[in-house]
Amino acid sequence: MSLNAKLEVLSYDEAEAALRAPEDVSRSRTLVVFAGTDLAMSDRVKELLKEAQAQIGRAAAAAKFKGKSGSSLEILAPVGVLASRLLLIGVAAGNCDESDKPAKFDDYLSLGGQTASKLGQGAAAVVLFDLPEAPSEPAAAAAQFALGGWLRAYKFDQYKTKKKDEEKDGPVEIKLGVADAESAKSLVAEAGSTAEAVILARTLVNEPANVLSPTEFARRASELMKLGVEVEILDEKAMAELGMRALLGVGQGSDNESRLVVLRWNGGEAGAAPIAFVGKGVVFDTGGISIKPAASMEDMKGDMAGAAAVTGALYAIAARKAKANVVGVLGIVENMPGGKAQRPGDIVKSMSGQTIEVINTDAEGRLVLADALTYVIEKHKPVAIVDLATLTGAILVALGQEYAGLFSNDDELSERLTKAGTATGEKLWRFPMGPSYDRLIDSKFADMKNTGGRHGGSITAAQFLARFVGKTPWAHLDIAGTGMGSPASDINQSWGSGFGVRLLDRLVKDCYEG
Ligand code: BES
Ligand code: MN
Ligand code: ZN
């Protein structure tokens, strides 16, 4: 995973010294500074730009730039500084908040994204991270800023053979001047591996299914071995021996074999029970015999976003050598119609021993997760489980693309997840569960059926999963609306968002370490 920007952390003095070095004509330099209400700037920045003040004032007046957050001003050939371009990035909050600094900590993430979008590619830049109002934790703020920039700069374009000139220049080289360079260096390095982890998940989601088969997904996940993650891959024979007929039934219509991937990070106390993450990894969901309509079916290459998020999370956790035991399980299958495909009405026995009547072969995610959940409980006895899945279209009807659905049998775990998501900007909204919903999936012929009727589709899907987790604290995140087809934002321009990676990493950091 390579990041689209090279970033070096310097002290303010070093950054200003770099600015005094002659400019490389072939990679003209941009100086980035931050301005608040009515062009307020830090004393140091004011001093640095003293010869350009009049020019800045005229340019700002002409462009009606007032330093508002989300706006920026570009000045070419600024007077008195060795940079061909000066970029002022606005940091003043809106009307209801008069302060100059970004209102919340995660705004530094957006600020990084906004800055990266203005920098463009193929440039060299010096960023003086000296805000008109200093952040309370400058090193951590700088790391969030860098992370936002890296996430913004990600592009999935390896299948485009005709690139624009500016895209050929390679990654932008940034020198980031910060107040507390020594502490910022390690935090920015950690932000770099977090960015790589999110980007890994995004790329997995963006890859088409003719490239990302179940075996190819397993191969890519197994590269986490380089970070010290233990990787175990179960093939169809191994899964059949364990009785995973629910998962195998989904994959049986495809010529591509199914896989279960187990990723284990042992950074905590030896022998201590792990926290478990389980991901739905349907590399392509045609719906099977209950086939989907053609419109937008191509989006179903992203039906493995849950498994991608778990892979990314383990990358982040291992890269920063988290002091926690974490296990990730990916149920990876392709849901295809065909002569060998499972039919509506088929009854399968899951690894748990419970039988399932398959009413609709397009409700396949829960079948895959059922066996993955049983597997992780039996083999790893986790303290808690979080599963992530692009499980239902109904979650898009309920929440749109802003929030992921949260379903859980445990209030504490729900609160921890919601808190982690608020911190990272991956928002969750909890739904109700209970026996009256559970009854809707009772079957005439088997222990349960895999659909619960038209109403409350995301909830009955969660009730189905709940039948496989017993008393283990468990939460299910329905990310069908947030993991793919994502609207462009300050920190993401990609179809696959990588939703869940930072959330899970944060959950581990806040609640399962030390
Ligand atoms: N992968 C889909 C859910 C989905 C829909 C994800 C839209 C992303 C965007 C899932 O496997 C599915 O097909 N669910 C069905 C369930 C139904 C048959 C009970 C659905 O939501 O329609
Ligand atoms: Mn489906
Ligand atoms: Zn699906």
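The structure under discussion appears in the preceding block.
Below you will find a few notes about this structure. (Residues numbered from 1 in each chain as written. Chains lettered and ligands numbered in written order. Predicted model: local features only at pLDDT ≥ 70, side-chain atom pairs only at ≥ 80, totals over all residues. Heavy atoms only, no water.)

Remarks on the overall build of the chain
Counting its secondary structure elements, the chain contains 16 helices and 17 strands. By the compact-globule yardstick of 24 Å for 514 residues, the chain fits well, its C-alpha radius of gyration being 25 Å. For the C-alpha atoms alone, the extent of the chain along its principal axes is close to 80 × 45 × 40 Å. Residues counted as buried form 55% of the 514 residues belonging to the chain. A separation threshold of at least 6 residues defines the contact pool for the chain, and within that pool the share at least 24 residues apart is 78%. A distance of 2 Å separates the average location of the 57 positive side-chain charges in the chain from that of its 66 negative side-chain charges. (Helix = DSSP H or I, 4+ residues; strand = E, 2+ residues; numbered from the N terminus. Rg over C-alpha atoms; globule rule 2.2 N^0.38 Å. Buried < 20%, exposed > 50% of the residue type's maximum accessible area, 1.4 Å probe, protein only. Contact = heavy atoms within 4.5 Å. Lys, Arg positive; Asp, Glu negative; His and termini not counted. Charge placed at Lys NZ, Arg CZ, Asp CG, Glu CD.)

Structural notes on the coordination of the zinc ion (ligand 3)
Surrounding the zinc ion (ligand 3) are the protein donor atoms K280 (NZ), D285 (OD), D303 (OD) and E364 (OE), at 2.0 to 2.4 Å. Classification of the site at the zinc ion (ligand 3) rests on its six donor atoms, whose angles at the metal span 78 to 176 degrees, yielding the label octahedral. Taken in chain order, the donor set of the zinc ion (ligand 3) reads K-x4-D-x17-D-x60-E. The metal-metal distance between the zinc ion (ligand 3) and the manganese ion (ligand 2) is 3.1 Å, with D285 coordinating both. Pair noted here: D285 is in strand β9 (residues 275-285) and D303 is in the loop between β9 and α10 (305-319), with a separation of 18 residues, a long-range link. (Donors = N, O, S within 2.8 Å, 3.2 Å for Na, K, Ca; no water. Tetrahedral: all angles 85-135°; square planar, octahedral: opposite > 155°, others 65-115°.)

Considerations on the environment of R58
Residue placement: R58 occurs in helix α3 (residues 53-63). Once the C-alpha coordinates of R58 and A394 are considered, the two residues, 336 residues apart in sequence, prove to be 52 Å apart.

Quick look at the site of ligand 1
Residues in contact with ligand 1 amount to 17 residues; listed here are only the nearest, K292, D303, D362, E364 and G393. At a separation of 2.9 Å, an oxygen atom of ligand 1 approaches a polar side-chain atom of D285. In the model, a nitrogen atom of ligand 1 is placed 3.4 Å from a nitrogen or oxygen of the T390 main chain. Protein contacts shield 77% of the accessible area of ligand 1, which totals 520 Å² for the unbound molecule. (Near = heavy atom within 4 Å. Polar contact = N/O pair within 3.5 Å; in protein donor to acceptor, adjacent residues only side chain to side chain. Areas by Shrake-Rupley, 256 points an atom, 1.4 Å probe, with all protein chains shown as cover.)

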